[in-house]
Amino acid sequence: MLLKFEDMTTEQKLGMVFCARRFQPEDVDFIIEMLKKRALGCIQVPYMQPDIIKKLLDAADYPVLCINDTEQGFTPANLPRASLASLSACDNPEYFKSFAKGIAVHAKAAGLNGTWGPVLDILTVDAPCKVGRCFSSDPEKIVEKAAIIAQVFKDNGFLSTGKHFPGGTDVGYDTHMAEGVSNLTEEELLKQDIYPYIELNKRGLLPCIMTTHTVFKNIDPDYPASLSKKCIDIIRKQGFDGVAFTDSLAMMGILQKYGEENAYGLAVSAGNDIVLPNLRTSVKDAFNMFVHQYELGIITDERLDEATRRVLKAMEFVAAEPANPSEFTEQDFENLKNVSRDCVTAVLDNGVNAKLDGKNEDKLFIVITNGPAGDLIEQEISEKPGWYSPTLIGKTIEAEFPGAGLGFLPEFPTSGENEKILTLASNYREVIFMTYCDSPCYLGTDSMTKRVEAVINCLSLSGKVSTVCHFGSPYALKSISHIKRKIFGYKNKESQKYAVEVLSGKLEAKGKLPYNVEFQ
């Protein structure tokens, strides 16, 4: 059933503007209680826990918004995963459609009716926790690619969310760790960072936005965008009347400076329509803090009514049956599978080929590991969980370059380990580095370690380093001395095999670098 605004109590309206995000047993019980009272607007669905999803959906007789991030695909569907960077590197519209269909079809079947995406951030500088999650450095290309995904979502009655408004291309902080600061003016934002939001909104493809925890000093020096009416009003003046979510209020950019309860009131007062509370706090305690902000008058009835109406409109959208829902086909699966192969990108000096020339016996491959240190030479590596696989890289090198040298260097090498690898390199004419960096939140950087950079730069002075093959952020190679052959595989495990095959000449590097990176 659809809820009617005129029949709602204040408690129900407050619930509409709140997202439940924690799922300990006591939280699940409280969420079910809220749902039975029709007093909850949104759930950040724990999509790896289908038993909990079923309990929650069984308790709701109205279209509560069931949302989560699906930035690399819908994990439980067990489809090939693809970062937005690798999708952009392929530059194939059909791949974007398959990516979006994979999410919409499988997520809806699992009980979700929306997502926090696509990411509309423009990447022009190394930005921790953003590289790999962004389409491009070019606002026009972001619109082009995001529109494909948003259209598939819309066609399937799947709510999408552009994030993180209003951008901040000059921010070099991870706002999970600290409040970001931008010097961009409103005029500059409208021309660049906000441009994708305006264009998608014109096309009817921006039902929701998510606000960022960055202070835009030239617009509102006192509060980050997520708590700033001045910032949120910019997009409202452009005709956007959809739901504004806060980014997570569990982030340190908020908690360290504003405090948890204060942030709830400030967020709604500023114009957000649904808050994402601190997930470290029980749902009951967080909601009680939220209600207290209303009781104190921080959240006014006028603002609460406005937010509730927008949430109810979003519920109407997800409750409607789409006219022509998508079918996820074998070709869609094949398209997603091909992303890891087709995204591999070669950045080459003039006259240089992606394929390595010369005898294998003259080559030393040095693979940076995320595992424990060992004796470096032909060592067995204990595979660590995650997307980066030195073992896969090493085995592929052995298959594609029989007779070549193979050494492994930890990402935090000791002086002794550096000495061993440099001594090993003295026996070869050519050195190829296989490097990586990870980019989850709370790392504070998307770079390689300074120790690894030092080894590469020192060896490059000998003239032996012909190639760096990198997985993760392309910006990580900005600190590296000029290398004539740079190969990028982005954040895909399968790309690590394909990148080595590009070096051997078995495959062509079809990808295009999605970001404008000024290498040395």
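Above: the structure in question.
About the criteria used
Per chain, residue numbering runs from 1 following the sequence as it is written. Only residues with pLDDT of 70 or above have their local features reported here, since the model is predicted, and side-chain atom pairs are shown and tallied only from 80 upward, although totals for entire chains, interfaces and linings are computed over all residues. Side-chain metrics rest on all non-hydrogen atoms present in the structure, leaving aside hydrogens and water. For two strands to pair, DSSP has to find at least two bridges joining them. The numbering of helices and of strands both runs from the N terminus, where a helix is a DSSP run of H or I of at least 4 residues and a strand a run of E of at least 2. Axis definition: a line fitted to C-alpha atoms, over the contacting stretch in the case of helices. Angles run 0 to 180 degrees between N-to-C directions. By the criterion applied in these results, polar contacts are pairs of N or O atoms within 3.5 Å in which, for protein atoms, one can donate a hydrogen and the other can accept it, and in which residues neighboring in sequence qualify only through two side-chain atoms. The contact definition used throughout considers only heavy atoms, calling two residues in contact when any of these lie within 4.5 Å. Only protein atoms enter the 1 Å grid used here, on which a cavity is any set of points holding a 1.4 Å probe that cannot leave and a pocket is any open set flanked by protein within 12 Å on both sides along at least five of seven lines; residues with an atom within 4 Å of a point are listed as lining. Grid points are joined across faces, edges and corners, and a volume is the space filled by probe spheres set on the points. Gly counts as polar in this scheme, as do all residues outside two lists: the nonpolar Ala, Val, Leu, Ile, Met, Phe, Trp, Tyr, Cys and Pro, and the charged Asp, Glu, Lys and Arg. Any two rings among Phe, Tyr and Trp, with Trp reduced to its six-membered ring, count as a pair given centres within 6.5 Å; such a pair is stacked if its planes are under 30 degrees apart, edge-to-face if over 60, and tilted if neither. For every residue, the accessible area (1.4 Å probe, protein chains only) is compared with the maximum for its type, and the residue is labelled buried under 20%, exposed over 50%, or partly exposed between those bounds.

### What about the sheet that holds strand S4 (residues 114-115)?
Strands sit in the order S1-S2-S3-S4 across an open sheet of 4 strands; the sheet is parallel. With partners counted over all chains shown, the strands left at the sheet margins are strand S1 (19-20) and S4, one partner each. When S1 meets strand S2 (residues 42-44), the two strands line up parallel, connected through 2 bridges. Note that in S2 the partner of Ala20 across the bridge is Ile43.

### So, the sheet that holds strand S5 (residues 162-165)
Strands sit in the order S5-S7-S9 across an open sheet of 3 strands; the sheet is parallel. Each of the sheet's edge strands pairs with one partner strand only, and the pair in question is S5 and strand S9 (243-246). Mean inter-strand twist for the sheet, computed between neighbouring axes without regard to direction, equals 30°.

### Re the side chain of Thr246
Structurally, Thr246 can be placed in strand S9. One polar contact links the side chain of Thr246 to the main-chain amide nitrogen of Leu276, over a distance of 3.0 Å. Every residue in contact with Thr246, bar those within four places of it in the chain, is listed here: Met210, Thr211, Ser226, Ala267, Asn272, Ile274, Val275 and Leu276.

### Here's the deal with empty space enclosed by the protein
A water-sized probe, rolled over the atoms, reveals where empty space remains. One pass over the structure, following the stated rule, counts 5 cavities of 30 Å³ or more. Along its surface, the largest cavity is lined by 13 residues, and Thr70, Glu71, Phe99, Gly117 and Pro118 are the ones closest to its centre. The set of elements that each furnish at least two residues to the lining of the largest cavity consists of helix H5 (93-109) and helix H6 (139-155). For the lining of the largest cavity, the per-class residue count stands at 9 nonpolar, 3 polar and 1 charged.

### Overview of the packing of aromatic side chains
Tallied over the full model, the rule gives 16 aromatic pairs. Relative to Phe287, the ring of Phe18 lies with its centre 5.2 Å away and its plane at 75°, an arrangement referred to as edge-to-face. Here the residue Phe18 occupies a position in the loop between helix H1 (10-16) and S1, and Phe287 occupies one in helix H12 (residues 283-295), the gap between them amounting to 269 residues. Summarising the burial analysis for this pair, Phe18 and Phe287 share the class buried. Plain terms: the ring middles of Phe488 and Phe519 are 5.8 Å apart, the flat faces sit at 20° to each other, and that makes the pair stacked.

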